[in-house]
Every structure is written in structure tokens, then in C-alpha cells.
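Below, each chain spelled out in residue letters.
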Amino acid sequence: MFPEVDAASPLLQNLNPEQRAAVTLPNEHALILAGAGSGKTRVLTTRIAWLLSTGQISPGGVMAVTFTNKAAKEMMTRLGAMLPVNVRGMWIGTFHGLCNRFLRAHYQLATLPQSFQILDTQDQLSAIKRLMKQFNVDEERFPAKETQWFISGCKEDGLRPRDVAARNEEDRKKVELYQLYEEQCQREGVVDFGELMLRSYELLRDNEPLRVHYQRRFRHILVDEFQDTNRLQYAWLKIFAMSPDGTSTAGNAVFAVGDDDQSIYAFRGARVGNMADFVREFHVQHQIKLEENYRSYSNILDSANALISHNKGRLGKNLRTQQGPGEPVRVYEAPTDLAEAQWLVEEMRHLARDQGTEPGFPRKETAVLYRSNAQSRVIETALFNAGVPYRVYGGLRFFERAEIKHALAYLRLLENPNDDTSFLRVVNFPPRGIGARTIEQLQDASRAAGCSLHDAVSATTGKAGANLGAFVAKVDVMREQTQNLSLREIIELVLEHSGLIEHYKAEREGAERIENLEELASAAESFVMQEGFGRDAVAMPVDELSQSPASQGLNPDQPLLNEPAPDYVEPDAETGETLSPLSAFLTHAALESGDNQAQAGQDAVQLMTVHSAKGLEFDVVFVTGLEEGLFPSERSMADMDGLEEERRLMYVAITRARKRLYISHSQTRLLHGQTRYNVRSRFYDELPEHALKWLTPKNQGFSGSAFGYGGGYGSTRLSGAGGTSWSSEKYASPPVPAQKAAPSHGLKAGLQVFHTKFGEGTVLSIEGQGDDARAQVKFNRHGIKWLALAVAKLTPVT
DNA sequence: CACTTTCCCATTTTT
DNA sequence: TGGGAAAGTG
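Residues numbered from 1 in each chain as written. Chains lettered and ligands numbered in written order. Predicted model: local features only at pLDDT ≥ 70, side-chain atom pairs only at ≥ 80, totals over all residues. Heavy atoms only, no water.

The line we're drawing: UniProt positions are given in the numbering used here, feature names are shortened, and annotations may be inferred rather than shown by experiment.
The name an unreviewed UniProt entry assigns to chain A is DNA 3'-5' helicase, from the organism Ramlibacter humi. According to the UniProt record, the Sequence similarities (unreviewed entry) comment for chain A reads "Belongs to the helicase family. UvrD subfamily."

Below, the structure is given as C-alpha cells:
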């Protein structure tokens, strides 16, 4: 063993035997099966810290890949706390972030312009729509969304147009569109998310010296959430560790951490099978299971274990805890979705009251989970009426807001005038007399000349042409004027000269948009300060690469195991070429859409889908809407894989809870304007009776009836007033109609409130009743306003 | 070009 | 039912 282990032992101190074994594995491929709450991130970061502090590797030899920016950031923060090491120098990031970094470093080899821009999903869709219009593709037969899905799917499987076998006319058309789309992107100098991955994969695959260089460099490749990798990501990882023919390269080790039971992203291309493939293709000798759970009481874990045991073909894992049984899992059946929501709110009041006696649950430690976003509405209404502060996850993120995207489009045009997607977004925004007609003509001209819209402008004539010319001139002038300005100044100039600010000043809801635009300038400034810009996007300078651990203050005597290949020097390291701050910021904006958790400081109940709850934990968790057809979703019940994924989803939901878990469902639910009569989810019958406590009498379950789980029986609608054949004793008492009780909005004069648009304010007066109730509120920043309580979202500030 | 009307859709989400 | 996007109107 390494003598340095002793020196590193503080790192290993608080690990259990399995965790310690994982952290100290030899430099060989390994698969860590990490159950929910088993300290997965901890193992991952400690592994890196251990490798560094025992001198087995230098920072430049580490690559750690995650799926989300959040996870990458957390890893860097925790690592930085463990060791005095420059975490920025390491290749820690998301798949896409690392691919971006790689492509920026080798943009010539990748045949990309140096400041290529990244299309997000929206941009991609509009690019495809534009393409389809240009080639007169029938949007009825080929919806743009479907084309987008097809193209992304191909890329995720590593397929170029020529690799796709088309067996019918439709497929041929789609492949043709894929081909045209690629040409368009290349012409415009933009890449979509899939392209980032695919292109870097291909570059490594086809360029041997380059591949060998990186293979020698990254001796340790660590992967988080391995069960979520798609085909291409798997191939991408493999190319770092092996020759394309499958010959293993001596010396580097892939350390994959994942949990097959938490694989819930098959719908977007994730392949759990990658775990088994990994073991086979990499001849994995080291598999370690982390089954000790540090999060939940055993009643909760027993429920999770029992449920997931109904899935076939698992890699096999059982969570255990040293904590006691804890409280039973509480189960509730409501007559209506509204009643379910009201019960939930009532229960939350108790939780708040319990705070005085027991350790207590802060509101932000309470989460309400649901299968689909549509379910949040009833719950939100109930919480709102009860005056309980809450926060909903999901929805528009900062960089996805329309006004932000407009501003970014101008900025992108400064960097790259050929970016037609950006050109079209703002050519007539704010309006400057360039109509659809003019744009069509311009597009025809550009197609005929085979050039970008920008370049086609000079060929246009007439008054329309004059307007276009003015637009292009304006952008060109802005480009010159911003030449030597700081990023903040650039953005401020563009906001002003583009007319965006002026335009929104005139708009009724424009004030908020202007605030967002101002925030964009601030965000850019802090980006420059924090990142020292470009650091994110550029390959590491060579001196850092060859830096010995000694200069990191670590084990001076240990020889480096990862000498970079002498015959290859990373290009940017030589020239010191860096990306402009603007370009780096635009990349940042595309790769990190910004969190949507504004006002995170408030103590509010957390509402989110089960999917977005993955990776989080709360003291109290409500899992709602446990109904056949909803959870499991009827859309996924066609095949067994779909059902098993739903079960894993439920497993994820259950294992979010630390102390108290509620599971609820409703007999009826309003969906798409119609009342649906649902049967409680089959998942109830897969939970252990001993861990449950029914708060309402347990009715005859669907599985107990004579019907079994045939497809399509999950839920039904009442036809007319009749009712269906099987709505017997279960529905003997008609569901309680929606109560029209006076909604207690919980507001009164003098109360401090929060409004999502206007911010904080004070209630001056209330008038009207029920749906007509209005409140006069004096906002700190927006003056006095009347707000209809049925519409406005006012949250009491605590 | 702004505003209104109609129509269509409707798990899950990150990059 | 209700939101967003496309089509229609002054």
C-alpha cells in the first residue's frame, strides 16, 4: 500500500467500511452501487481527495463528470473544503460542460469557429421550424417537435444522417431534414447540446494522437449518476479509456457511481443497461455496494425496499439503517383532489404546531411531490388560501426568459453575425418595420446565394431593404462601439442601443423585464469576476498540467503517474488563446440556464415533481396522487419497462423522506376539465403493511377485486350520470363536491406580503368576498396597487 | 403592427 | 380546464 495512506487517513475517518473500500480502490475500473442516502457524493469527492493526497495523481489527471451543474458545483465545493487544491484546474463538470471545454480547445480540429455558440432546446426547435418552412415541409405530417426529437435521438445514439437506416418514406424525409439541419448549423456556426457530445466523441475517436494524449492525461475518470448515461455518453467515456477497437488502455480507471433503482430518465435516452455493459466491457473487477442509509428511519426504508423488490433484473441492493423504525408511513385516501389538498394543508398546520414540542419541521423541510406538474395547481390553491408560503420548482429559468433571450441574441450577433437563429429573433424586435414578407424575401436571397441572412442583406433593395440595412448597420456599429468595453458595459450598451429598454418601458408588464435585463448585466459582471472569464471554456495551460503535487502542497516525493504525452501539446496551452469574456458568458448562459429557485431564503413548503426531487431530501415528504393512471402514469404502462420505471420513480419519492412520510391519493380528480374516477395505485399493495398507518379506512383495493391489472382499467370516466359497471361499493357515497367555503386568504390589513412580480409590500386594506376579494397593497418598490386575490399570488411574509 | 380569437394540446427534464 | 402558439382582424 501507499505510505501516504496514513497522511490521508483523516479523509477516511468518518467513512463506513464499504465507503472506505470504495474510496481506496486500486487504479482499476470500478462500479459503485450507491443506494439512496448512502453517501454517494461523499465517496466520490473523498475518492478524488484521496487520490490527490496520496500522490497517485495530480489535479490535471482527474476528470469527474456529472449531469447537472449543481452536482458539479457541489463536488468542487466539497473537494475544496477537503484539500487545499485548485478545483478549477481539474476537469470537473457536466458532460456538456466538459465537451464544450474540449471543443473550445480544439475548435479547428472540430471544424468549428472559435466562438461557436450553443443552441438550447428552444433555439434548436426554432432553427428546425425555420428549416422546415424553407424546404416547404408539411408541418402536419412532420411536426417540428417530432423532427427535433428524432434528431436529438439520433445524436444520443451516436448516429449521423448517413448512419441512419431509413426503411420508409417518412424516415427518409426525417433523415433528410437531419442532414439539412446539420448543414444549417455548420453554416451558422452553432451547435446543439447533442452536437457538443457527438462532435467531441468523434474527434477523439478519429484523431489518434489527440485521443492518446487525453487517455494518458486522465488517469482517473469518475462518473456520477452512471445509470443516467445515454449511449453516446457511455461511448464518450469509453473512448477516454480504450481504443476504438475495444482494447483496454493500461493505466486509466473509470470509477462509476450509480444506482439502477434510481434510473428514471429512460424517456430522455438514459440506458440503465450501461451499468451491466460497463461491467462486461471494462472487465470490472471491483463492485462495491453502499447500502447503509444515513437519511431515513427504517419504516421508510422498509417501504422503499419492499416496493422496489417487485422490479425484475435489478443489480440487487437493500437499504439498511441503524436508526430505529421511526414513525409509520401515513396513508390517506381523499374523496377528491381538492380534499386531498385540503387535508395536506391541514396536516401541515399540525406539523407547524409540532414545532413547539418535538424537534419540529421548518416549512422548507416539507416537500410535496407529485407525478406531473398539472397536479400542483390544486395544491397551490389550497396552500395559498391557507396562507402557507410555498415554492414551486420548475418553470422558466432566468436565461430562458424571452427578454433575456432577446438580449442574448443581440450579443450573439456581435460575436457571430451569421447566427441566423439570433438574427431572426431580433431582426424585428423591437419592431422596426421588417415584416414577414421582407424576411421571406431575405431568406430566399440567402438560400440562393448560400450565405447567411446577415450577408444577404446587402443584396436586398427597396424600402424593405433599407430597413434591413439599418438593422445590420446598427448591429455592426454596436460591435465596433463595444470593442474595448468591459462585459457589463457591452451589455448595457446593447440594451440601450438595441431599443430593448425603450421598448419594455412602454410595455405594461415591462418593468419586470427591464429589471431582468439589468440583472443580466449584473450577472455578467459577477461572472467575469468569479470565473476570471474563459477559465471555464478553455483548456488548462500546460504549466498547470505539468504542475507537480509538490506545488499543490502535497506529497512532494510521489512521482507523477500521469505524464502528458510528450508528442502532443494542447493548442491553447501553447498560444495562450482565450475566449472573449462575451463569448464565455454566452456559453455560460447556454450551458447553465440559471436556477429557477428565486427567493430561496424564504421558509416555504417545497412543491415539485418526483423527478426534480431526485437527489434532494426533506424531513417531511408528501407523495400525492398515488392513483392508477397517474402514478403509475398510464402513458408508461404499455410495457413492463415503463411500469418498472414508474416504480423506481416511486422508490425515489419514498427515499426523499428523512423523518416522516405521507402517501396519499384521491378517488376523483379533475383532469383536462373532466372528472376522472381513479383507483388507488397498485404501489400501495407493494408496501409492507407493518410500516403503514392508514389515516382513512383502507378500502378494498383494485388488486383485491376480480379485475386484476388489465391495461386500460386503471381509471375511467363516468358516462353521463350513470356511472360505470364497477363503481359499486367503493363509490357508494358520492364524492364530496368541491366545497365553496369562503376562501380564507389569510390576509388582513397591516400584513406583510410577497408578490412574485412586485416583491414585498404591506396590505393596506381588503375589500370584497370570495373570488371578488381585492387587496390594496403598498409595495416597497412598486407603489400602491389593487390586486384581485383570486388572480394575484400573494404570500404572507413570515 | 398590435390586439383578439381560435385552436390544439396535455408525463417526467437537463444540458 | 387552461395555457401557449398560430391564425385572423382593425
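**Thoughts on the environment of Asn-207**
Put simply, the rule reads: The secondary structure listing takes helices from DSSP runs of H or I that are at least 4 residues long and strands from runs of E that are at least 2 residues long, numbered from the N terminus.
Examined against the element boundaries, Asn-207 turns out to sit in the loop between α9 (193–206) and α10 (208–217). Between the C-alpha atoms of Asn-207 and Gly-89, which are 118 residues apart in sequence, the distance is 24 Å.

**Here we look at the nonpolar core**
This is how it is decided: Nonpolar core, defined: a set of buried Ala, Val, Leu, Ile, Met, Phe, Trp, Tyr and Cys residues in which side-chain atoms within 4.5 Å join the residues together. The rule is simple: take the accessible area with a 1.4 Å probe, protein chains only, and divide by the maximum for that residue type; under 20% is buried, over 50% is exposed, in between is partly exposed. Just so you know, the domain bounds were taken from an automatic or database domain assignment. Throughout, a contact is declared for two residues whenever any of their heavy atoms are within 4.5 Å.
Ranked by size, the top nonpolar core spans 63 residues in total, and within it Met-63, Trp-236, Phe-240 and Phe-278 carry the most contacts. When residues are assigned to domains, this core turns out to be shared by domain 1 (17–109 + 196–292) and domain 2 (117–188), each giving three or more. Among all residues touching Phe-278, those that are not within four sequence positions of it are His-29, Ala-30, Leu-31, Phe-226, Tyr-234, Val-254, Ala-256, His-283 and Val-284. Counting residues in each nonpolar core, the second largest holds 46 residues, with Phe-398, Phe-399, Ile-490 and Ala-524 among its members.

**Overview of helix α16 (residues 402–415)**
Short version of the rule: To estimate the expected span of a helix, subtract one from its residue number and multiply by 1.5 Å.
Its 14 residues give α16 an end-to-end C-alpha distance of 20 Å, which sits within 8% of 20 Å, the value for a rise of 1.5 Å per residue. Within α16, 12 of the 14 residues are buried, leaving the element largely enclosed by the surrounding structure. If you check which residues of α16 are buried, you get Glu-403, Ile-404, Lys-405, His-406, Ala-407, Leu-408, Ala-409, Tyr-410, Leu-411, Arg-412, Leu-413 and Leu-414.

**Quick notes on the protein's contact with DNA strand C**
Note the cut-off: Being near a molecule or strand, for a residue, means having at least one of its heavy atoms within 4 Å of it. Each residue receives one of three labels: charged for Asp, Glu, Lys and Arg, nonpolar for Ala, Val, Leu, Ile, Met, Phe, Trp, Tyr, Cys and Pro, and polar for the others, Gly being one of them.
By nearness alone, every residue bordering DNA strand C is listed as Lys-129, Arg-377, His-672 and Gly-673. Sugar plus phosphate: this is where 50% of the atoms of DNA strand C within 4 Å of the protein reside. Along the lines of polarity and charge, the residues of the surface near DNA strand C split into no nonpolar, 2 polar and 2 charged.

**Digging into the sheet that holds strand β3 (residues 91–94)**
Defined as follows: The pairing criterion is simple: DSSP has to find at least two bridges between the two strands. Think of each axis as a best-fit line through the C-alpha atoms, taken over the contacting stretch in the case of a helix, with angles from 0 to 180 degrees between the N-to-C directions.
With parallel pairing, the 6 strands of this open sheet are ordered in space as β3-β2-β6-β7-β1-β8. Single-partner strands in this sheet number two, and they are β3 and β8 (286–290). Within the sheet, the average angular offset between the axes of one strand and its neighbour, ignoring direction, is 15°. In the sheet, strand β2 (residues 62–66) pairs with β3 via 4 bridges, with the strands oriented parallel. Among the inter-strand pairings, Met-63 is bridged to a residue of β3, identified as Trp-91. Packed on one face of the sheet, helix α4 (residues 69–82) meets β2 and β3 and runs near 150° to β3.

**Looking at unusual backbone geometry**
Omega for the peptide link from Phe-429 to Pro-430 comes to -5°, which places this bond in the cis form. With respect to the helices and strands, Pro-430 occurs in the loop between α17 (420–426) and α18 (436–449). That bond from Phe-631 to Pro-632 is cis: its omega, 10°, falls within 30 degrees of zero. By secondary structure assignment, the location of Pro-632 is in the loop between β13 (618–623) and α28 (640–654). One non-glycine residue, Thr-111, lies in positive phi territory at about 50°. Following the sequence through the fold, Thr-111 ends up in the loop between α5 (95–105) and β4 (117–119).

**Comments concerning the pattern of salt bridges**
Threshold: Counted as salt bridges are all cases of a side-chain nitrogen of Lys or Arg within 4 Å of a carboxyl oxygen of Asp or Glu.
Tallied over the full model, the rule gives 56 salt bridges. With a closest N to O distance of 3.8 Å, Glu-18 and Arg-320 form a salt bridge. Highlighted residues: Glu-18 in helix α2 (residues 17–23) and Arg-320 in the loop between α13 (298–308) and β9 (329–336), separated in sequence by 302 residues. The class of Glu-18 is partly exposed, set by a relative accessible area of 27%.

**Observations regarding the protein's contact with DNA strand B**
Inclusion rule: Two N or O atoms form a polar contact when they lie within 3.5 Å of each other; inside protein one atom must be a possible hydrogen donor and the other a possible acceptor, and for residues adjacent in sequence the pair counts only when both atoms belong to side chains.
Of all residues adjacent to DNA strand B, which total 29 residues, the nearest are Asn-69, Thr-121, Arg-371, Asn-373 and Thr-609. The sugar-phosphate share of atoms of DNA strand B within 4 Å of the protein amounts to 52%. In the environment of DNA strand B, a phosphate oxygen lies 2.7 Å from a nitrogen or oxygen atom belonging to the side chain of Thr-609. A breakdown of the residues in the surface near DNA strand B according to their chemical character gives 7 nonpolar, 16 polar and 6 charged.

**Describing the UniProt feature "binding site: ATP" (unreviewed entry) in chain A**
Here, UniProt's "binding site: ATP" (unreviewed entry) annotation points to Ala-34, Gly-35, Ala-36, Gly-37, Ser-38, Gly-39, Lys-40 and Thr-41. Residue placement: Ala-34 occurs in strand β1 (residues 30–34). Ala-34 has contacts with Lys-40, Val-257, Gly-258, Asp-259, Gln-262 and Leu-290, leaving out every residue within four places of it along the chain. Here Lys-40 is to be found in helix α3 (residues 40–53). Accessibility expressed as a relative area gives 19% for Lys-40, which makes it buried. With residues up to four places along the chain from it excluded, the contact list for Lys-40 reads Ala-34, Asp-224, Glu-225 and Val-257.

**Details of the environment of Leu-290**
Inspection of the secondary structure assignment puts Leu-290 in strand β8. A relative accessible area of 2% means that Leu-290 is categorised as buried.

**Some points on the domain arrangement of chain A**
Threshold: Reported buried area values correspond to the accessible surface (1.4 Å probe) lost by two parts on association, with both partners' losses combined.
The domain architecture assigned to chain A consists of domain 1 (17–109 + 196–292), domain 2 (117–188), domain 3 (329–397 + 598–694), domain 4 (399–531) and domain 5 (751–796). Listed by partner, the interface residues are 14 residues for domain 1 and 10 residues for domain 3. Interface area for domain 1 against domain 3, summed over the two sides, is near 1,000 Å², with a carbon-plus-sulfur share of 54%. Taken as a group, Asp-261, Gln-262 and Ile-264 account for 50% of the area that domain 1 buries against domain 3, more than any other trio of residues on that side. Inspection of the domain 1/domain 3 interface yields 2 salt bridges. A salt bridge links Asp-228 to Lys-614, with the nearest nitrogen and oxygen atoms 2.7 Å apart. Summed over the shared surface of domain 1 and domain 3, the number is 6 residue pairs in polar contact (both at pLDDT 80 or more). Grouping the constituent residues of the side of domain 1 that touches domain 3 by class yields 5 nonpolar, 3 polar and 6 charged.

**A look at the packing of α9 against α10**
Using the following cut-off: Roughly parallel means an angle under 35 degrees; roughly antiparallel means over 145; roughly perpendicular covers 65 to 115; every other angle is labelled oblique.
Running from N to C, α9 and α10 point in directions that differ by 100°, and their axes come no closer than 5 Å. The angle between the axes of α9 and α10 places the two elements in the roughly perpendicular class. Within the contact between the two elements, α9 uses Leu-203, Leu-204, Arg-205 and Asp-206 and α10 uses Glu-208, Leu-210, Arg-211 and Tyr-214. Its residues assigned to classes, the contact of α9 with α10 comprises 4 nonpolar, no polar and 4 charged.

**As for the side chain of Asn-678**
One can find Asn-678 in strand β15 (residues 674–678). Residue classification places Asn-678 among the buried residues on the basis of a relative accessible area of 3%. A distance of 2.9 Å separates the side chain of Asn-678 from the side chain of Glu-627, its partner in a polar contact.

**So, the packing of aromatic side chains**
How we decide: Geometry of aromatic contacts follows a simple scheme: Phe, Tyr and Trp rings, the Trp one being its six-membered ring, pair when their centres are within 6.5 Å, and the pair is stacked under 30 degrees between planes, edge-to-face over 60, tilted otherwise.
Summed over all chains, the structure comprises 24 aromatic pairs. Each ring, one from Trp-236 and one from Phe-240, has its centre 4.9 Å from the other, and the planes form 70°; the classification is edge-to-face. Of the two residues, Trp-236 and Phe-240 both sit in helix α11 (residues 231–241), 4 residues apart, roughly one turn of that helix. Between the aromatic rings of Tyr-332 and Trp-343, the centroid separation amounts to 4.2 Å while the plane-to-plane angle is 5°, which identifies the pairing as stacked. Pair noted here: Tyr-332 is in strand β9 and Trp-343 is in helix α14 (residues 337–357), with a separation of 11 residues, a long-range link. Note on Tyr-332: relative accessible area 16%, which makes it buried.

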